[in-house]
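Tertiary structure, described
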Amino acid sequence: MDAIDRKILALLQEEGRMTITELAARVGLSVSPCHRRLRELERDGTILGYRAVVEPSALGLTFQALVFVTMRQEDRDTLLGFEEAVARVPEVLQAQRLFGDPDYLLRIATADLTAYQELEDDVLSALPGVQRLNSTLVMKHVVNDRPLPTAPPRGR
């Protein structure tokens, strides 16, 4: 990946609806080579997709929680069962497996505290292998959905 590819990625993370003509102009290429680079970034899996970023409150989702999940046991079948089940819960915006304790971190969005409490009691606590849930409430987003840094990693 060269500097032009990194610039394409930086620009598209900021404005995914940019036309190929505008993108080419901003990275200093003609349309055809820019389009080839873009298609290659999509083909090789560097660009995973395109989406709209939606304001949660517009959908009535005004409450968010971070949930730390400790598993009862950590055998392969239990972990895979949990991961498959949690992937089907629409209120789970992110789920990450962690090193150490706790085992998972979930980011949850619901309408309000009551909806979250029902989700935790009825759905999250019943997921395969769950021993304990520890929730913390999101007060304010300070940095949210920031684009990935496209500069070469430090030390290289």
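Report follows, based on the coordinates. Just so it is clear, the model here is predicted, and its values are computed rather than measured.

**As for the environment of T78**
Structurally, T78 is set in helix α4 (residues 76–86). With 20 residues separating them along the chain, T78 and L98 place their C-alpha atoms 15 Å apart. Residues contacting T78, with those up to four places away along its chain left out, are M71, Q73, P128 and G129. At 2.7 Å, the side chain of T78 and the side chain of D75 are in polar contact.

**Quick look at a negative patch on the surface**
Taken together, the side chains of D112, E118, D121 and D122 make up a negatively charged region of the molecular surface. Its place among the elements puts D112 in the loop between β3 (104–110) and α5 (113–122).

**Topic: the pattern of salt bridges**
A full pass over the atoms with the stated rule returns 6 salt bridges. A salt bridge links R132 to D101; its shortest N-O distance comes to 3.9 Å. Of this pair, R132 sits in strand β4 (residues 130–137) while D101 sits in the loop between β2 (92–97) and β3, and the two are 31 residues apart along the sequence. Residue classification places D101 among the exposed positions, given a relative accessible area of 56%. A single salt-bridge network, built from bridges that share partners, covers D2, D5 and R37.

**Regarding the layout of surface pockets**
Considered as a void within the structure, the largest pocket measures approximately 1,500 Å³ in volume. Among the secondary structure elements, those contributing two or more residues to the lining of the largest pocket are α1 (3–14), β1 (63–71), β2 and β3. Looking at the lining of the largest pocket, the element that brings in the most residues is α1, giving 5 residues.

**Brief notes about the packing of α1 against helix α2 (residues 20–27)**
Close contact between α1 and α2 brings their axes to 10 Å; oriented N to C, the two are set at 130 degrees. With respect to their mutual orientation, α1 and α2 come out oblique. Crossing geometry of α1 relative to α2 is assigned as right-handed. Residues I4, K7, I8, L11 and L12 of α1 touch α2, and the partners they reach there are L23, R26 and V27. Across the contact of α1 with α2, the residue classes tally to 6 nonpolar, no polar and 2 charged.

**Observations regarding the sheet that holds β3**
Strand order in the open sheet made by the 4 strands is β2-β3-β1-β4, with antiparallel pairing throughout. Looking at strand neighbours, the two that pair on one side only are β2 and β4, the edges of this open sheet. Taking each pair of neighbouring strands and ignoring which way they run, the sheet shows an average axis angle of 20 degrees. Relative to β4, β1 is paired through 7 bridges, and the arrangement is antiparallel. In the strand pairing of β4, M71 is matched with V130.

Quick notes on the rules
- Residues numbered from 1 in each chain as written.
- Predicted model: local features only at pLDDT ≥ 70, side-chain atom pairs only at ≥ 80, totals over all residues.
- Heavy atoms only, no water.
- Helix = DSSP H or I, 4+ residues; strand = E, 2+ residues; numbered from the N terminus.
- Contact = heavy atoms within 4.5 Å.
- Polar contact = N/O pair within 3.5 Å; in protein donor to acceptor, adjacent residues only side chain to side chain.
- Patch = residues over 30% accessible without salt bridge, like charges linked within 9 Å, V, L, I, M, F, W, Y side chains within 5 Å.
- Areas by Shrake-Rupley, 256 points an atom, 1.4 Å probe, with all protein chains shown as cover.
- Salt bridge = Lys/Arg side-chain N within 4 Å of Asp/Glu carboxyl O.
- Lys, Arg positive; Asp, Glu negative; His and termini not counted.
- Charge placed at Lys NZ, Arg CZ, Asp CG, Glu CD.
- Buried < 20%, exposed > 50% of the residue type's maximum accessible area, 1.4 Å probe, protein only.
- 1 Å grid on protein atoms, 1.4 Å probe; cavity = no way out; pocket = protein on both sides within 12 Å on 5 of 7 lines; lining within 4 Å.
- Points joined across faces, edges and corners; volume = space filled by probe spheres on them.
- Axes fitted to C-alpha atoms, helices over the stretch in contact; angles between N-to-C directions.
- Parallel < 35°, antiparallel > 145°, perpendicular 65-115°, else oblique.
- Left-handed = near helix turned anticlockwise from the far one by under 90°.
- Nonpolar A, V, L, I, M, F, W, Y, C, P; charged D, E, K, R; others polar.
- Pairing = 2+ DSSP bridges.

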